[in-house]
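In case you want the letters, here they are:
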Amino acid sequence: MLPNAIRMVEGELVETAEHSPASPLIELRGVDRIFEDEDGVRTQVLADVTLAIEAGEMVCITGPSGAGKSTLLNILGCLDRPSAGEYRFDGRDVTVLDADALARMRRNEFGFVFQAFNLLESATSQQNVELPARYLGLGAAPARARARKLLESLGLSERLDHRPSELSGGEQQRTSIARALMNGGRVILADEPTGALDSAQGEEVMSLLRELAARGHTVVIVSHDAAVAAGANRRIELRDGRVAADSGAMASESRKVPPRIETPWKGRGQGLGLPALLRDALTCLGANSLRTALMVLSVALGVGSVVALLSLAEGIERRILDTLQADRIEIHSLGSSNKDVAVQLTPADADAIRSEFPIVTATHFSIQGPLSIRWGTVAEETKIRAETRTQPTAADQRPWPLARGAFLTEEDSERREQVVVLGPTVAEALFEAGTDPVGELVQIEGFPFLVKGVLERSPLPPGMEPPEEMVDSWRATFGDVAYVPFHTARALLAPAEVAPVVHIDDGFRSFTKPFGALTIEVRVADSTTVEATASAIRDLLIRTHGREGFTINTDVELADTFDRMWGLHSVIQGGIAAVALLVAIVGVTATTLVAVGARRREIGIRMAVGARRRDIASQFLVEAAIAAFVGGAAGLLLGYWAGIGFAALATPLGSTQVPIAFAGWFVPVALCGGVATGLVAAIIPARRAARLDPVDALADE
Ligand code: ADP
């Protein structure tokens, strides 16, 4: 049992049995159809066709092959337009409608049944049947319910989740009839509906179509099969594009008064919603996995190279800033012997700076200067460093690894432990080769200190490698240092009084002489604010100490130069990134164009069931955006691993490690960049798909 024609009243699907008005439902007057090929050769396929079809008629258009039957059917179904003449549907002039209005006509009034079924291969029976209602803007749940009901009424309740390839020809044709009825199917247009079926299945389909006509659907069949024609109430014969014979409409009094078919949900039409678009896009992407993979790969390579480039640039920038120390402010007591001029900086000053200025990321204080160190009878003078860091850093701020033992901890400083970590030069000077200094007791300015650890041979800062013959003496200079806990040094080694202070900076090492004056080192988050922050700190310290008995050093000139150079570098980098993304765009455009070419028939089917141009365009855009999003995410990982791999490969080649840094903002940039790439790339193919002619698209093999 087929359901009667159905319409929606207050959200409910109800049957309707209204009577048709007097005017014919379909009226053609003097319709010509002339095709013109690229060379301008004109073929007249229909000539002066005039006919009227009443609602509820079952008409078979017959005639020899090439007579123009399909062309006429396409015009009736608004898939094609007449070259001349008039077509009125339900009293309305159809020839003046634009592409989208024609799509709406197909969606609301017509149901197509094709010889080749024309079901979407990647969709199940149920999804195929739902499709016309989805283009109508019907929600997923009611569309699913109605599709199920239709399929069940056509004996396909066991086949809801089967794909077309899993169905027999007869089952496919019944599925396509269900699809034709989905939006009401006021007019069913069937082009050789039995042509691909055996006689039993063909007869089944014909009796279904007769039943639909009996229920009030207007059925127009194209067939050159005499048996099919015999099954219709009326036969119109075409020859050479002209109506050669017409058995004529049944006398209206003898025709059972047909119920008027209302299109269910007429008036809706916001098109496919985003969830439906996404679901559709995912299905299509999954069904064309090779093309999808190529799109993802294009974007992944583009975004990946940008990410690798960014991470290298970010790493280099951080390295340079570290080396330049442009974010650094150093404050020390004034080099003056006058106690009334110089001020003794204290750890409290560092605390105040930290709490006053949020831009300050770190403060360290240190006391350093030359002191005597002795083991047994061997005495040396070395640079003693007492600082709050718990990790020794080489001249370029990189961690300086230990050769033996352990480094100082915060507890060592809090408990004022008398422990020391020796630089390699001091260790060699005090201890004979082969002896382990760790655990030995040395004297610093006469106070006993336990050797806790010994540092590695000192690393040289990058970019200032000395000539070969000087490397050893440089290393010796840098290694000539010993670290002691900060508070231990302040308690034992630093004189309470401010002594005459001399800053010594011989290019390799800088310290304050004599040992005792506190140096505060401040780091700021943004090196461009160094100058302003330094000046604010100056004001704060003057307020605290009552006079400017200190100096504040910044390396602002260096930072300025760096900013300028880096700006230039960013432009170059942006250019390279743009080229990488352009290549990705070209890749996605090419793949999507191929996809549009390969999916012409699918596009034709969608148009036949009512997809408007923008529905088709959105589909390709959404598919490209999804693939590109995945590509962006893959590119992020790819770029990350490429960066790490590059660093690992390149490091053994150079003396310095290749810096790679990943910033959090790479993630949104890569994902948005990926999606933008996909959208831009899909614009041309999507337009091309949307502008396809439905008849041409359907004819695609
Ligand atoms: P039928 O369905 O009766 O076999 P058609 O309507 O398919 O006939 O085609 C009628 C004639 O029009 C055929 O000769 C066909 O080659 C021609 N024709 C159909 N479409 C086009 C077209 N787009 N361009 C040129 N000729 C066409």
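Rules of the game
- Residues numbered from 1 in each chain as written.
- Predicted model: local features only at pLDDT ≥ 70, side-chain atom pairs only at ≥ 80, totals over all residues.
- Heavy atoms only, no water.
- Near = heavy atom within 4 Å.
- Polar contact = N/O pair within 3.5 Å; in protein donor to acceptor, adjacent residues only side chain to side chain.
- Areas by Shrake-Rupley, 256 points an atom, 1.4 Å probe, with all protein chains shown as cover.
- 1 Å grid on protein atoms, 1.4 Å probe; cavity = no way out; pocket = protein on both sides within 12 Å on 5 of 7 lines; lining within 4 Å.
- Points joined across faces, edges and corners; volume = space filled by probe spheres on them.
- Helix = DSSP H or I, 4+ residues; strand = E, 2+ residues; numbered from the N terminus.
- Nonpolar A, V, L, I, M, F, W, Y, C, P; charged D, E, K, R; others polar.
- Buried < 20%, exposed > 50% of the residue type's maximum accessible area, 1.4 Å probe, protein only.
- Pairing = 2+ DSSP bridges.
- Contact = heavy atoms within 4.5 Å.
- Core = buried A, V, L, I, M, F, W, Y, C linked by side-chain atoms within 4.5 Å.
- Domains from an automatic or database assignment.
- Patch = residues over 30% accessible without salt bridge, like charges linked within 9 Å, V, L, I, M, F, W, Y side chains within 5 Å.
- Salt bridge = Lys/Arg side-chain N within 4 Å of Asp/Glu carboxyl O.
- Lys, Arg positive; Asp, Glu negative; His and termini not counted.
- Charge placed at Lys NZ, Arg CZ, Asp CG, Glu CD.
- Axes fitted to C-alpha atoms, helices over the stretch in contact; angles between N-to-C directions.

Chemist: Break down the site of the ligand for me, citing the residues and quoting the values.
Modeler: All residues adjacent to the ligand are Phe 35, Val 45, Pro 64, Ser 65, Gly 66, Ala 67, Gly 68, Lys 69, Ser 70 and Thr 71. The separation between an oxygen atom of the ligand and a polar side-chain atom of Ser 70 is 2.8 Å. Contact between the ligand and Thr 71: an oxygen atom at 2.5 Å from a side-chain N or O atom of the residue. Within the complex, 58% of the 560 Å² of free accessible area of the ligand lies under protein.

Chemist: So what's going on with empty space enclosed by the protein? Which residues, and what values?
Modeler: Counted according to the given criterion, the structure contains seven cavities of 30 Å³ or more. Considering the residues around the largest cavity, the lining is formed by 15 residues, among which Ala 123, Gln 127, Leu 131, Arg 279 and Asp 280 are closest to the centre. Within the residue set of the lining of the largest cavity, elements represented by two or more residues are helix 3 (125-136) and helix 8 (274-287). Grouping the amino acids of the lining of the largest cavity by side-chain chemistry returns six nonpolar, four polar and five charged.

Chemist: Report on the pairing of strand 15 (residues 328-333), specifying residues and quantitative values.
Modeler: Burial analysis of strand 15 places six of its six residues in the buried class, which makes it a mostly covered element. The pairing of strand 15 with strand 25 (residues 518-524) spans five bridges and is classified as antiparallel. Residue pairing for strand 25: Ile 329 is matched across the bridge by Val 522. For strand 15 and strand 26 (residues 550-554), the ladder comprises five bridges, and the chain directions are antiparallel. Residue Ile 331 lies in a different strand from strand 26, and its bridge partner there is Ile 552.

Chemist: Can you break down the side chain of Thr 292 residue by residue, with the values?
Modeler: Its place among the elements puts Thr 292 in helix 9 (residues 289-324). A residue is classified by how much of its surface remains accessible, and Thr 292, at 15% relative accessible area, is buried. Within the structure, Thr 292 has its side chain in polar contact with the backbone oxygen of Asn 288 (distance 2.8 Å).

Chemist: Can you explain the environment of Ile 331? Please cite residues and give values.
Modeler: Its location among the elements puts Ile 331 in strand 15. Residues Ile 331 and Leu 518 lie 187 residues apart in sequence; the distance between their C-alpha atoms is 8.6 Å. If we skip the residues at most four places from it in the chain, Ile 331 touches Leu 345, Ile 353, Leu 518, Thr 519, Ile 520, Val 522, Ile 537, Leu 541, Phe 550, Thr 551 and Ile 552.

Chemist: Go over the nonpolar core, please, and point to the residues and values.
Modeler: The biggest cluster of nonpolar side chains holds 81 residues, and the ones touching the most others in it are Tyr 87, Phe 89 and Phe 110. Counting only domains with at least three residues in this core, you end up with domain 1 (5-249 + 257-271) and domain 2 (286-321 + 561-699). If sequence neighbours within four positions are ignored, Tyr 87 has contacts with Ile 26, Glu 27, Leu 28, Ile 75, Leu 76, Cys 78, Pro 82, Arg 92, Asp 93, Val 94, Thr 95 and Phe 110. Core analysis: the next-biggest nonpolar cluster, separate from the first, contains 42 residues, Ile 373, Phe 431, Val 451 and Ala 482 among them.

Chemist: Mind laying out unusual backbone geometry, listing which residues take part and the relevant values?
Modeler: Phi at Asp 48 takes a positive value of approximately 50°, unusual for a residue other than glycine. Relative to the elements of secondary structure, Asp 48 occurs in strand 5 (residues 42-53). Positive phi values are uncommon outside glycine, yet Glu 192 reaches one of about 45°. Along the chain, the position of Glu 192 falls in the loop between strand 10 (187-191) and helix 6 (199-214).

Chemist: How would you sum up a positive patch on the surface? Please name residues and give values.
Modeler: Among the surface-exposed residues, Arg 81, Arg 613, Arg 687 and Arg 691 lie close enough to one another that they form a single positively charged patch. Looking at the element boundaries, Arg 613 is found in helix 18 (residues 613-650). Using a relative accessible area of 33% as the deciding quantity, one classes Arg 613 as partly exposed.

Chemist: Please provide a residue-by-residue account of the sheet that holds strand 9 (residues 110-114), values included.
Modeler: The six strands lie next to each other as 9-10-11-6-12-13, forming an open sheet whose pairing is mixed. Because the sheet does not close on itself, it has two edges, and the strands there are strand 9 and strand 13 (242-246). For this sheet the average axis-to-axis angle between neighbouring strands, irrespective of direction, equals 20°. One ladder, built from four bridges, connects strand 12 (residues 234-239) with strand 13; its direction is antiparallel. Directly across from Leu 238, in strand 13, lies its bridge partner Val 243. Here helix 1 (residues 69-76) sits on the sheet in contact with strand 6 (58-62), strand 9, strand 10, strand 11 (218-222) and strand 12, set at roughly 155° to strand 10.

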